[in-house]
Amino acid sequence: MRLVEAALPFFARHETFHPRYGWFRKAYAQVAQDPRAFLGNDAPVRIGVGKNMVRAIRFWGLAAKLIEEDPYSPNRRAPDLRTTDLGDSLFGKGGWDEYMEDPGTLWLLHWLLLAPPCHLPVWWIAFNAFHAVEFSDDQLESAVETQLDLVSDWRKPHPSSRRKDVGALLRTYAPQEKTKRVPIDDLLDCPLRELDLIGRGPDPGRFRFALGAKPALPSEILAYAVLDYIERTDTSGSTVTLDRLTTEPGAPGRAFMLNESEMLAGLAPAVDPVTGLDLISVTGGIQLAWSEDRRALATQVLDQYYGVSALGERASTTTT
């Protein structure tokens, strides 16, 4: 998958704010209550944040595919919003994780931020087309610039917008440097840091992608990401190779930074021939196979995860 196929040409629409605790759920809840919640001069008062944060919360809700622009809105310049089916299933009344308490939801949101259509092309490049393990923000920005220069169909973003997206990415996933100038609440203000996908390098100003197995990543969430990816990129077929799932740009293996053996180990607990999901060995490698509709099966996988998780039977897969 290429960048232009995976992402939209959006840059710095987060108003320099990385997603904070509660913002994903707040974006969903506001739109569920009022399709025009983020419009109007009184939106900051109703939502309880500043004007820039109103736009940021709206953006993160859209980027995580919890809300979307209503294609039937009469105002095309400032369209109404509506909740997505996934948003309803996740945060709706009686939903899978109505109050965003399950750590598996953070892994799910991470996948949704990168899944096509991705609203964060700079982030997509970082996870899918940037091959350094340890890096500085300048090195990442340079790689992003190179990749964007290859896209002739897009207007080149302003360097400041590109840098803001790199900064938002690092603030979202990487822990802040522990200095006297960084208050403790800033160290704890982004939920996706709990995933430990990007850490600090040994030297100041250096970062490092966390390669290797992800014991805290629930098997069902990984299986959902795989089925969701295939549904978004394929129109037919009932099998996919693990090699494709780990090496193809845009695939879950890139998003979660897993190699083929780690992908196999991660998916194995979710495999259940009774529900139509199986791992088969064929000449040339191992494939994931399914016998039911992929979208229905993906929903079933999440139903199973959150249903069991709610009973407290998945404590071993949660982060601490």
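Residues numbered from 1 in each chain as written. Predicted model: local features only at pLDDT ≥ 70, side-chain atom pairs only at ≥ 80, totals over all residues. Heavy atoms only, no water.

Asks: Could you give an account of the nonpolar core, naming the residues involved and the relevant values?
Replies: Ranked by size, the top nonpolar core spans 102 residues in total, and within it Phe-24, Phe-38, Trp-60, Trp-111, Leu-113, Trp-123 and Tyr-173 carry the most contacts. Per-element accounting of this core gives the leading share, nine residues, to helix 11 (residues 219-233). Each residue touching Trp-111, except ones within four places of it in the same chain, is listed here: Tyr-224, Ala-225, Asp-228, Tyr-229, Gly-250, Ala-251, Pro-252, Ala-255 and Phe-256. (Core = buried A, V, L, I, M, F, W, Y, C linked by side-chain atoms within 4.5 Å. Buried < 20%, exposed > 50% of the residue type's maximum accessible area, 1.4 Å probe, protein only. Helix = DSSP H or I, 4+ residues; strand = E, 2+ residues; numbered from the N terminus. Contact = heavy atoms within 4.5 Å.)

Asks: Can you tell me about the sheet that holds strand 5 (residues 206-209), naming the residues and giving the values?
Replies: Pairing is antiparallel across the open sheet formed by three strands, whose spatial order is 3-5-4. Both edges of this open sheet fall to strand 3 (134-136) and strand 4 (198-200), since each of them pairs with a single strand only. Each strand axis lies, on average, 35 degrees off the axis of its neighbour in the sheet, ignoring direction. As paired elements, strand 4 and strand 5 share three bridges and run antiparallel to each other. Counted as the bridge partner of Gly-199 is Arg-208 from strand 5. Lying over the sheet, helix 8 (residues 137-149) contacts strand 3 and strand 5, oriented at roughly 90 degrees with respect to strand 3. (Pairing = 2+ DSSP bridges. Axes fitted to C-alpha atoms, helices over the stretch in contact; angles between N-to-C directions.)

Asks: Describe the packing of helix 7 (residues 121-128) against helix 8, and please don't skip the residues or the numbers.
Replies: At their nearest, the axes of helix 7 and helix 8 sit 10 Å apart, and the two run at 105 degrees to each other. As judged from the angle between their axes, helix 7 and helix 8 are roughly perpendicular. Counting all contacts with helix 7, which are made through Val-122, Ile-125 and Ala-126, the residues of helix 8 involved are Leu-140, Val-144, Gln-147 and Leu-148. Residue composition of the contact of helix 7 with helix 8, grouped by class: six nonpolar, one polar and no charged. (Parallel < 35°, antiparallel > 145°, perpendicular 65-115°, else oblique. Nonpolar A, V, L, I, M, F, W, Y, C, P; charged D, E, K, R; others polar.)

Asks: Kindly report on the pattern of salt bridges, identifying the contributing residues and their values.
Replies: Within the structure shown, the criterion is met by 20 salt bridges. The shortest N-O distance in the salt bridge between Glu-69 and Arg-58 comes to 3.6 Å. Of this pair, Glu-69 sits in strand 1 (residues 67-69) while Arg-58 sits in helix 4 (residues 51-63); the two residues are 11 residues apart in sequence, bridging distant segments of the chain. Each of Asp-138, Glu-141, Glu-145, Asp-149, Lys-156, Arg-162 and Arg-163 takes part in salt bridges that share partners, so that together they form one network. (Salt bridge = Lys/Arg side-chain N within 4 Å of Asp/Glu carboxyl O.)

Asks: Explain unusual backbone geometry residue by residue, including any values.
Replies: In this structure, Pro-117 follows Pro-116 across a cis peptide bond, with omega equal to -5 degrees. For Pro-117, the location among the structural elements is in the loop between helix 6 (104-114) and helix 7. One non-glycine residue, Ala-12, lies in positive phi territory at about 55 degrees. For Ala-12, a relative accessible area of 18% gives the class buried.

Asks: Any chance you could break down empty space enclosed by the protein for me, citing the residues and the numbers?
Replies: Per the stated rule, a full pass over the model turns up one cavity of 30 Å³ or more. Surrounding the largest cavity, Glu-220, Ala-270, Thr-275, Leu-297, Gln-300, Val-301 and Gln-304 form its lining. No other element matches helix 15 (residues 294-309), which puts four residues into the lining of the largest cavity. Classifying every residue of the lining of the largest cavity by side-chain character gives three nonpolar, three polar and one charged. (1 Å grid on protein atoms, 1.4 Å probe; cavity = no way out; pocket = protein on both sides within 12 Å on 5 of 7 lines; lining within 4 Å. Points joined across faces, edges and corners; volume = space filled by probe spheres on them.)

Asks: Provide a residue-level description of the packing of aromatic side chains, including the pertinent values.
Replies: Where two aromatic rings form a pair, the distance of their centres and the angle of their planes describe that pair. One pass over the full model with this rule turns up 17 aromatic pairs. Between Trp-60 and Trp-123, the ring centres sit 5.5 Å apart and the planes meet at 45 degrees, which makes this aromatic pair tilted. With Trp-60 in helix 4 and Trp-123 in helix 7, this residue pair connects regions lying 63 residues apart in the sequence. Considered together, Trp-60 and Trp-123 belong to a single accessibility category, that of buried residues. With a centroid separation of 5.7 Å and an interplanar angle of 55 degrees, the aromatic rings of Phe-127 and Phe-209 are classed as tilted. Placement of the pair is Phe-127 in helix 7 and Phe-209 in strand 5, with a sequence separation of 82 residues. Here Phe-127 matches Phe-209 in class, with each residue buried. One aromatic cluster is present, built from ring pairs that chain together Phe-59, Trp-60, Trp-123, Phe-127, Phe-130, Phe-135, Tyr-173, Phe-207 and Phe-209. In this arrangement the basic side chain of Arg-13 is found over the ring face of Phe-10, its NZ or CZ atom lying 3.7 Å from the centre. (Phe/Tyr/Trp six-rings, centres within 6.5 Å; stacked < 30°, edge-to-face > 60°. Lys NZ or Arg CZ within 6 Å of the ring centre and 35° of its normal.)

Asks: So what about the side chain of Asp-165? Which residues, and what values?
Replies: As for its placement among the helices and strands, Asp-165 is situated in helix 9 (residues 159-173). In this view, Asp-165 contacts Phe-10, Phe-11, Ala-12, His-14, Val-122 and Trp-123; residues no more than four positions away in its chain are not counted.

Asks: Could you give me a rundown of the layout of surface pockets, with the residues and numbers involved?
Replies: If you add up the space inside the largest pocket, you get close to 700 Å³. What lines the largest pocket is a set of 25 residues, and nearest its centre among them are Leu-62, Lys-65, Ile-67, Glu-68 and Thr-84. A total of four residues in the lining of the largest pocket trace back to one element, the largest contributor, which is helix 4. Residues that form the lining of the largest pocket fall into these classes: 10 nonpolar, four polar and 11 charged.

Asks: Describe helix 6, and please don't skip the residues or the numbers.
Replies: For helix 6, the buried fraction is high: 11 of the 11 residues fall into the buried class. Among all positions in helix 6, only Gly-104, Thr-105, Leu-106, Trp-107, Leu-108, Leu-109, His-110, Trp-111, Leu-112, Leu-113 and Leu-114 are buried.

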